[in-house]
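# Tertiary structure, described
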Amino acid sequence: MNKIIPFSPPRVDQQMIDEVVDTLRSGWITTGPKTKAFERKLAEYCDVLSVICLNSATAGLELMLRWFDVKEGDEVILPAYTYAATANVVMHCGAKPVLADIGEDFNIDVSLIKSLISSKTKVIMPVDFGGWPCHYNELNRLVSETKGLFVPESSTQKALGRIMLLADAAHSLGAVYNKRKTGTVADATVFSFHAVKNLTTAEGGAIVLNFPAPFKNEEIYRFLNILSLHGQNKDALAKLQKGNWKYDVITAGYKCNMTDMMASLGLVELSRYDTDTLTKRKHICNRYAAALKKKQWAELPIQKNNEKESSYHLFALRIKGIDESTRDKIIESIFEKNVSVNVHFIPLPLLTFYKNKGFRITDYPKAYQFFSCEISLPVFYDLTDEMIDTVLDAVISSVEQHI
Ligand SMILES: *Cc1c(COP(=O)(O)O)cnc(C)c1O
């Protein structure tokens, strides 16, 4: 029997192994010079001053909510169609996630947000689904137009004077919106470097800081460093410097720093991200699109137009007119042909925890419709043209067998 084609294995080659070994041999394996170098490279890549690296995107989203003093009684607007992490961090802060349905591009429907904004709204968290940037111009306009409704309750909220736009860009490193990379189109943007994401550090994430004046993003960076490391005013490396052992703790901080082991992977991955990773992912998606656009039943994901270009994180295929059970049968037969596929995402209201919180899927018809007929195809660096053909054969024959 043929070996199964996986969905999204990480690219691990000699260059990555060498860089990790170099870190192991250096005598410094936790947060240190490589993490700081990776932060600088990411900032350069996004064309901003300050990026902080952490152990996950989830930690990044939560730190930003904590920095903005989001607490019980507050509301955070996010799409119903996302991974649970986006909503879970709101729960961690004791605040209430307010869900909006999606539009034709899988992203939060901005026209639905306005009626969800109240005096309790502190943050909007759009998600760049599959690497496709949201309508950031409209989102930025919305948070500036609703200043009058905003009720600031802390010093950061007073300084911003409006709803914070916090982008869950877990999928969209390197995506382009109006000639700008994601990272510079929201107040703060959080990337994920989890093993299945476009650029991986095994686990990991980063916050890109892009706050307007009077904020100084370097100052926010320094505070987030402390917040991510127990609230301690010196990190382990600084404490090791001669005579520098004394430290203070200024807040009951968290523990979510990135290690130099992780950053080693990130440095290699970032050095070839545009030239190698993105070009390959684009090639794979274009091959899928070229073959599938001939099929009446196929609804292809949008990945490029005059305004935006995706980071090609997912190839989210939809099959016209099918229901959830037919989709599941198609997936079963694709797997029988030794090809791995996935579904992005199970909408939040279908998950037990959020169902028990009172969310009803009938309030998010588009999210349910897209989920019911969606199949994500494998996209990863080592996927060869021959494997792409195998995937296409498996998908096409399985769909045509069931519709
Ligand atoms: C992967 C993912 C996250 C979480 O990223 P971690 O780095 O695993 O914390 C958040 N949001 C979305 C949309 C994701 O796909």
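Quick look at helix H15 (residues 385–402) now. Taking 1.5 Å per residue, 18 residues should reach 26 Å; H15 reaches 26 Å between its end C-alpha atoms and fits that length. Taken together, the buried residues of H15 touch helix H11 (273–292), strand S12 (315–319), helix H12 (324–336) and strand S13 (374–377).

Moving on to the site of the ligand. If you check the shell around the ligand, you find 16 residues, and the closest are Thr58, Asp168, His171, Ser192 and Lys197. In the model, an oxygen atom of the ligand is placed 2.4 Å from a nitrogen or oxygen of the Thr58 side chain. The contact in question runs from an oxygen atom of the ligand to an N or O atom on the backbone of Gly204, over 3.5 Å. When the free accessible area of the ligand is taken as 380 Å², the share hidden by the protein chains comes to 91%. Listed by contribution, the elements that provide at least two residues to the shell around the ligand are helix H3 (57–67) and helix H4 (84–92). Split into classes, the residues belonging to the shell around the ligand amount to six nonpolar, eight polar and two charged.

For the rest of this paragraph, the subject is unusual backbone geometry. Geometrically, the link from Ala213 to Pro214 is a cis peptide bond, its omega value of 10° lying close to zero. Relative to the helices and strands, Pro214 resides in the loop between strand S9 (205–209) and helix H8 (217–227). In this model, His344 is joined to Phe345 through a cis peptide bond whose omega is -10°. Structurally, Phe345 is set in the loop between H12 and helix H13 (352–356). For Asp69, which is not a glycine, the phi torsion comes out positive at approximately 60°. Topologically, Asp69 is positioned in the loop between H3 and strand S2 (75–79).

Look at H12 against H15: their axes get within 9 Å of each other, and the N-to-C directions meet at 140°. By the angle between their directions, the pair H12 and H15 is classed as oblique. In the crossing of H12 with H15, the sense of the turn from one axis to the other is right-handed. Residue-level inspection shows Thr326, Lys329, Ile330, Ser333 and Ile334 of H12 in contact with H15, the latter providing Ala394, Val395, Ser398, Val399, Gln401 and His402.

The next thing to look at is the environment of Lys36. By the element assignment, Lys36 lies in helix H2 (residues 33–46). It is 43 Å that separates the C-alpha atoms of Lys36 and Cys373, two residues lying 337 residues apart in sequence. When residues no more than four places from it in sequence are discounted, the contact partners of Lys36 are Thr31, Tyr221 and Asn225. Within the local environment of Lys36, its side chain forms a polar contact with the side chain of Tyr221, the two groups lying 3.2 Å apart.

Let us now look at the sheet that holds strand S7 (residues 180–181). The sheet built from three strands is open, its strands ordered S7-S6-S11 with antiparallel pairing. The open sheet has two free edges, formed respectively by S7 and strand S11 (308–309), since each of these has just one partner strand. By the bridge criterion, two bridges tie strand S6 (residues 176–177) to S7 in an arrangement that is antiparallel. Its bridge partner lying in S7, Tyr177 is registered against Arg180.

This brings us to the domain arrangement of the protein. Each assigned domain of the protein is listed with its residue range as follows: domain 1 (14–271) and domain 2 (273–402). Relative placement of domain 1 and domain 2: their C-alpha centres are 27 Å apart. With 43 residues of domain 1 at the interface, the matching set in domain 2 holds 38 residues. Carbon and sulfur atoms supply 61% of the area buried between domain 1 and domain 2, which totals about 3300 Å² over both sides. Per-residue buried area on domain 1 facing domain 2 is highest for Tyr81, Trp132 and Asn198; these three make up 22% of the total on that side.

Bringing the pattern of salt bridges into the picture now. Opposite charge on two side chains lets them pair, provided their charged atoms get close. The full count for this structure, using the stated rule, is 21 salt bridges. A salt bridge links Glu153 to Lys71, with the nearest nitrogen and oxygen atoms 3.3 Å apart. Linking Glu153 in the loop between helix H6 (136–145) and helix H7 (155–160) with Lys71 in the loop between H3 and S2, this pair joins segments that are 82 residues apart in sequence. A relative accessible area of 45% means that Glu153 is categorised as partly exposed. Each member of the salt-bridge network shares a partner with another, and the members are Arg11, Asp13, Glu269, Arg272 and Asp276.

This structure, assessed with the given rule, holds 19 aromatic pairs. Where Phe353 meets Tyr354, the ring centres are 4.9 Å apart and the plane angle is 85°; that geometry is what we call edge-to-face. The structure contains a cluster of three or more aromatic residues connected by ring pairs, namely Tyr81, Tyr83, Phe106, Phe129, Phe345 and Phe370. The aromatic ring of Phe371 is capped on one face by Arg327, whose charged end is 4.6 Å from the ring centroid.

All right, on to the sheet that holds strand S10 (residues 298–299) then. A sheet is described by the order of its strands in space; here three strands give the open sequence S10-S12-S13, paired in antiparallel fashion. Each edge of the open sheet is held by one strand with a lone partner, namely S10 and S13. Bridge count between S12 and S13: four bridges; the pairing is antiparallel. Its bridge partner being in S13, Ala316 is matched across the sheet by Ser376. Together, S10, S12 and S13 form the strand contacts of H11, whose direction differs from that of S12 by roughly 15°.

Basis of the calculations
- Residues numbered from 1 in each chain as written.
- Predicted model: local features only at pLDDT ≥ 70, side-chain atom pairs only at ≥ 80, totals over all residues.
- Heavy atoms only, no water.
- Helix = DSSP H or I, 4+ residues; strand = E, 2+ residues; numbered from the N terminus.
- Expected span 1.5 Å × (residues − 1).
- Contact = heavy atoms within 4.5 Å.
- Near = heavy atom within 4 Å.
- Polar contact = N/O pair within 3.5 Å; in protein donor to acceptor, adjacent residues only side chain to side chain.
- Areas by Shrake-Rupley, 256 points an atom, 1.4 Å probe, with all protein chains shown as cover.
- Nonpolar A, V, L, I, M, F, W, Y, C, P; charged D, E, K, R; others polar.
- Axes fitted to C-alpha atoms, helices over the stretch in contact; angles between N-to-C directions.
- Parallel < 35°, antiparallel > 145°, perpendicular 65-115°, else oblique.
- Left-handed = near helix turned anticlockwise from the far one by under 90°.
- Pairing = 2+ DSSP bridges.
- Domains from an automatic or database assignment.
- Buried area = accessible area lost by both parts, 1.4 Å probe.
- Salt bridge = Lys/Arg side-chain N within 4 Å of Asp/Glu carboxyl O.
- Buried < 20%, exposed > 50% of the residue type's maximum accessible area, 1.4 Å probe, protein only.
- Phe/Tyr/Trp six-rings, centres within 6.5 Å; stacked < 30°, edge-to-face > 60°.
- Lys NZ or Arg CZ within 6 Å of the ring centre and 35° of its normal.

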